[in-house]
Amino acid sequence: KNEYTDVENDKLERSSVVSMIVPFLESLNAYSSFFLPETFNTNDEFFTNTNDIFSNVPFSKISLLSDNKVVLEFLKCDHHFEEGDDSLYDLIPGKYGGGHKIWECSKDLALYLYDFQSTIIGGRVLELGCGAGLPGLTALFLKKASDCMHFCDYNRSVLVETTWPTIHRNLHRWDCDDVHNHDLISCYAGEWSDVSEDLLAVSESTKGRYDLILAAEACYCEDTSRKLVHMVWRHLAAQGSALVATKRYYFGSGLGGGSHALVQSLALLPPLPESEPALHLTASTERTLADGASNVRDILCLCWTPH
């Protein structure tokens, strides 16, 4: 076993709540020495240096096009791969979820948020399987996350090495002073079942429910499709919506996820607890992208509807 595998497995025994506060990120030391303890608070010695933590980190530019015009540009942290690093692979089921890579459905969902920003209701926003967090960042940019923006990824290393550098650099480029709220942005790492318990614990007043849930490329196999719809069932507010960007089919040994797998998983869910009349989670296709050369991609909207 290499060191990366041992450390990563230790961290995934229990999801770690990584509440990262934007103003304090400005005072962290150089990225080369960046390490987050499992839990920490604002009194840690960790926050004593005033150097810019991400000053030496390489970033690549990602452009979102609408009507052939660039409407949004992001800087994505370029993760530095070490020999033996599992991140060299696109995906290792049950071990690495591909979070260091920008997947095409992430761009699809970010652009959808931009195109339909006038009709999307935010407030409390959750991104599942966030990776670099482009959809969540777009929600922040469009001021849809007025109450909170929570990012979740299976791998803590993704949150540390890709998600937060990307969030931090873009917020500073946009001069988003309004998001400098201690309770607004947090990250959670681990299995979704464990993360779910953490989300319930930190938001008792809302019963862990969100007005807008975002997910891109998170249902790439039948198992993740079932887990995703269960997370939406458990955490979507009665008047909320979940936007899921996914390929229609995922080809490959042992996969079988995609739009149809997600819709089929919905049929197995009970109605929203304590709803009268009974509300069931249903899906509608909001946008389909097909160029005739690559896999068809869908953006689905999940919401509660009476039956």
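The structure displayed is predicted, hence computed values, not measured ones.

Calculation criteria
Residues numbered from 1 in each chain as written. Predicted model: local features only at pLDDT ≥ 70, side-chain atom pairs only at ≥ 80, totals over all residues. Heavy atoms only, no water. Helix = DSSP H or I, 4+ residues; strand = E, 2+ residues; numbered from the N terminus. Buried < 20%, exposed > 50% of the residue type's maximum accessible area, 1.4 Å probe, protein only. Contact = heavy atoms within 4.5 Å. Areas by Shrake-Rupley, 256 points an atom, 1.4 Å probe, with all protein chains shown as cover. Polar contact = N/O pair within 3.5 Å; in protein donor to acceptor, adjacent residues only side chain to side chain. Disulfide = S-S within 2.5 Å. Salt bridge = Lys/Arg side-chain N within 4 Å of Asp/Glu carboxyl O. Expected span 1.5 Å × (residues − 1). Bend = angle between axes of the 7 residues up to and from the residue. Axes fitted to C-alpha atoms, helices over the stretch in contact; angles between N-to-C directions. Parallel < 35°, antiparallel > 145°, perpendicular 65-115°, else oblique. Left-handed = near helix turned anticlockwise from the far one by under 90°. Nonpolar A, V, L, I, M, F, W, Y, C, P; charged D, E, K, R; others polar.

1. A closer look at the overall build of the protein chain
- For the protein chain, the count of helices and strands is eight helices and 10 strands.
- Within the protein chain, buried positions represent 52% of all 307 residues.
- At a minimum sequence separation of 6, the contacts of the protein chain that also span at least 24 residues come to 69%.
- As displayed, the protein chain has an accessible area near 14200 Å², and 49% of this comes from carbon and sulfur atoms.

2. Looking at the side chain of N170
- Residue position: N170 is located in helix α5 (residues 156-174).
- A distance of 2.7 Å separates a polar side-chain atom of N170 from the backbone oxygen of T166.
- Sequence-distant contacts of N170, defined by excluding residues within four places in its chain, comprise E73, F74, L75 and L137.

3. What about the state of the cysteines?
- One pass over the full model with this rule turns up zero disulfides.
- C130 provides the cysteine sulfur closest to C152, a residue in no disulfide bond, and the two sulfurs are 6.9 Å apart.
- Take C152: its relative accessible area is 0%, and that puts it in the buried class.
- The thiol of C187 is not disulfide-bonded; the next cysteine sulfur, from C130, is found 5.8 Å away.
- Since its relative accessible area comes to 0%, C187 is described here as buried.

4. Digging into the pattern of salt bridges
- On inspection of all chains with the given rule, the structure shows 11 salt bridges.
- Where R297 meets E104, a salt bridge forms, and the shortest distance between an N and an O atom there is 3.4 Å. Of the two residues, R297 sits in strand β10 (residues 297-306) while E104 sits in helix α3 (residues 104-115), which places them 193 residues apart along the sequence.
- For R297, a relative accessible area of 11% puts it in the buried group.
- The exposure class assigned to E104 is partly exposed, which follows from its relative accessible area of 31%.
- Counted as one network, the salt bridges with shared partners bring together E104, D108, E217, K247 and R297.

5. A short note on the environment of V125
- Take V125: it is sitting in strand β4 (residues 124-128).
- Taking the relative accessible area as the measure of exposure, V125 reaches 0% and is therefore buried.
- Along the sequence, V125 and L140 sit 15 residues apart, while their C-alpha atoms lie 9.2 Å from each other.

6. Some points on α5
- In this model α5 runs 26 Å from its N-terminal to its C-terminal C-alpha over 19 residues, within 8% of the 27 Å that 1.5 Å per residue would give.
- Taking the largest bend as the criterion, α5 deviates by roughly 35°, centred on T163, and proline P165 comes between one and four positions later.

7. Quick look at unusual backbone geometry
- Here D67, not a glycine, exhibits a phi torsion of approximately 55°, which is positive.
- Structurally, D67 is set in the loop between β2 (59-66) and β3 (69-77).
- The exposed category is assigned to D67, whose relative accessible area is 69%.

8. Brief notes about the packing of helix α7 (residues 222-235) against helix α8 (residues 259-266)
- Where α7 contacts α8, the axes come no closer than 9 Å and their chain directions differ by 50°. When the interaxial angle is binned, α7 and α8 end up oblique. In terms of crossing hand, the pair formed by α7 and α8 is right-handed. Where α7 approaches α8, its residues S225, R226, L228 and V229 are matched on the opposing element by A261, L262, S265 and L266.
- Its residues assigned to classes, the contact of α7 with α8 comprises five nonpolar, two polar and one charged.

9. Describing the side chain of S106
- Mapped onto the elements of the fold, S106 is located in helix α3.
- Excluding anything up to four places from it in sequence, S106 contacts P135 and A216.

Fair warning: the whole summary comes from geometry, so function is off the table for now.
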